[in-house]
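Here is what each chain is made of, one letter per residue.
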Amino acid sequence: MSNQYAHEAPYHPGYEDASFKNEVSPQIAELMEYRKMNARHLQFSNTIVQFCKSDLNHHAQQRQARA
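Structural notes, computed from the coordinates. (Residues numbered from 1 in each chain as written. Predicted model: local features only at pLDDT ≥ 70, side-chain atom pairs only at ≥ 80, totals over all residues. Heavy atoms only, no water.)

## Some details on the overall build of the protein chain
Regarding its fold elements, the protein chain presents 2 helices and 0 strands. Looking at the protein chain residue by residue over its 67 residues, the buried ones come to 0%. A total accessible area of about 6800 Å² is found for the protein chain, and carbon and sulfur atoms account for 57% of it. (Helix = DSSP H or I, 4+ residues; strand = E, 2+ residues; numbered from the N terminus. Buried < 20%, exposed > 50% of the residue type's maximum accessible area, 1.4 Å probe, protein only. Areas by Shrake-Rupley, 256 points an atom, 1.4 Å probe, with all protein chains shown as cover.)

## Describing a nonpolar patch on the surface
Taken together, the side chains of V24, I28, L31 and M32 present a nonpolar region at the surface, about 330 Å² in accessible area. Mapped onto the fold, M32 is located in helix α2 (residues 26–66). (Patch = residues over 30% accessible without salt bridge, like charges linked within 9 Å, V, L, I, M, F, W, Y side chains within 5 Å. Salt bridge = Lys/Arg side-chain N within 4 Å of Asp/Glu carboxyl O.)

## Remarks on the pattern of salt bridges
By the definition in use, this model includes 1 salt bridge. We note a salt bridge from K36 to E33, for which the minimum N-O separation is 3.9 Å. Of this pair, K36 and E33 both sit in helix α2, separated by 3 residues, roughly a single helical turn. Under the relative-accessibility criterion, K36 is labelled partly exposed at 47%. When its relative accessible area of 48% is taken as the criterion, E33 is described as partly exposed.

Take a look at the structure:
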């Protein structure tokens, strides 16, 4: 009787994708690369904005000191 159940159940519920844990589809891999690239661009943009803000504040303080 137990052999009959083994033939009827080729997988255990909950383990359907157990063999694919370390594999990523090409589309997901490409999407992850785009996200990493986007994060790098945003981080660099934020750095530029912070530099511009600090430079503007520095020049504004110099103008106030001269006045």
